[in-house]
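A structural walkthrough
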Amino acid sequence: MSAIKIRSIASKDNKAIAEIIRSVLIEMGVPKVGSAYEDKALGMMCETYDHPKSSYYVLEEKGVVIGGGGIAPLENGAPDTCELQKMYFLPTARGRGMGFEMINKCLDFAKEHGYTKCYLETMPYMKAARKLYKKMGFVDLEEPVGDTGHYACEAWMIKDL
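All of the points below concern the structure found in this document. All figures in this text were calculated on a predicted structure; none of them were measured in a lab.

What counts, and where the lines are drawn
- Residues numbered from 1 in each chain as written.
- Predicted model: local features only at pLDDT ≥ 70, side-chain atom pairs only at ≥ 80, totals over all residues.
- Heavy atoms only, no water.
- 1 Å grid on protein atoms, 1.4 Å probe; cavity = no way out; pocket = protein on both sides within 12 Å on 5 of 7 lines; lining within 4 Å.
- Points joined across faces, edges and corners; volume = space filled by probe spheres on them.
- Helix = DSSP H or I, 4+ residues; strand = E, 2+ residues; numbered from the N terminus.
- Core = buried A, V, L, I, M, F, W, Y, C linked by side-chain atoms within 4.5 Å.
- Buried < 20%, exposed > 50% of the residue type's maximum accessible area, 1.4 Å probe, protein only.
- Contact = heavy atoms within 4.5 Å.
- Salt bridge = Lys/Arg side-chain N within 4 Å of Asp/Glu carboxyl O.
- Pairing = 2+ DSSP bridges.
- Right-handed = clockwise from strand over helix to strand, strands pointing away.

**As for the layout of surface pockets**
Its boundaries defined by the atoms lining it, the largest pocket holds a volume of some 1,100 Å³. Lining the largest pocket are 47 residues, and of these Gln85, Lys86, Met87, Tyr88 and Tyr133 lie nearest its centre. Going through the elements one at a time, helix 1 (14-27), strand 3 (64-73), strand 4 (81-89), helix 3 (98-112), strand 5 (117-122) and helix 4 (127-135) are the ones with two or more residues in the lining of the largest pocket.

Here it is as C-alpha cells:
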C-alpha cells in the first residue's frame, strides 16, 4: 500500500476522475439518467469541490489516479449534514482496504468542518460498497434526505459523526 496515496484533487485530475466515475457506473449497471453519470460537476471536479466545507480526494498509485471520493454539504439538507459523494474506484484499487481509508479521510474532513451527520446514496445491488458502509457505521434509511438529483439511486444511508 505504500505506493498508493490519497491526496486532494488537482485540476489535472479532472479528466481522469470523470472517466473513472463514468466507467464504474457503466460497469455496475447504474442508469446514466438520474445518477452521478450525468452530473455537470464531473468535468470540473476540482473546481466543484473548491469551496468551504467541501473536499474531494483522489486515490493515486504510481502517479496514476485509480479512484476518488469526496465530502460536500448535502443539497437542501440540514446544515450539519454532509454527503459522501462520488466515491468510485477502478477494479485494480478494490479489495485493498482503500475504501476504508478513503471514507476515513472524508469523515475526518467532515468532523473537522463541523458536520455531525454524513449521508450517502448508492444502489441496492452494490453489495460490496454497502457492506463497507455498514462496517463504517452507516445505517439504512427508508427514504432519501436532501435533494441530490440522483433519483435513480434507491439505497440511502446515514452515519452520526
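**Describing the nonpolar core**
Nonpolar side chains in soluble globular proteins generally cluster together in the buried interior. Membership of the largest hydrophobic core comes to 25 residues, with the highest contact counts inside it found for Leu59, Ile71, Leu84, Met87, Ile103, Tyr133 and Phe138. Those elements that place two or more of their residues in this core are strand 2 (55-61), strand 3, strand 4, helix 3, strand 5 and helix 4. The greatest single-element share of this core, amounting to 7 residues, is contributed by helix 3. Among residues more than four places away in sequence, those in contact with Met87 are Gly68, Gly69, Gly99, Met102, Ile103, Leu132 and Tyr133. In terms of nonpolar packing, the next biggest core, distinct from the first, is built from 22 residues, Leu25, Tyr49, Val58 and Met123 among them.

**What to know about the pattern of salt bridges**
Following the criterion strictly, the structure yields 9 salt bridges and no others. Salt-bridge contacts for Glu60 lead to Arg7; the nearest nitrogen and oxygen are separated by 2.9 Å. Taken together, the positions of Glu60 in strand 2 and Arg7 in strand 1 (residues 4-8) put the pair 53 residues apart, joining distant regions of the chain. Residue Glu60 shares its accessibility class with Arg7, and that shared class is buried. Connected through shared salt-bridge partners, Lys5, Arg7, Asp13 and Glu60 make up one network.

**Overview of the pairing of strand 5**
By the criterion of burial, strand 5 is predominantly enclosed, with 5 of the 6 residues buried. Bridge count for strand 4 against strand 5 is 3 bridges, and the pairing is parallel. Paired with Cys82 across the strands is Cys118, a residue of strand 5. Handedness of the crossover joining strand 4 and strand 5 through helix 3: right-handed. Note: strand 5 against strand 7 (residues 155-160), 6 bridges, orientation antiparallel. Each bridged residue has a counterpart across the sheet, and for Cys118 the counterpart in strand 7 is Lys159.

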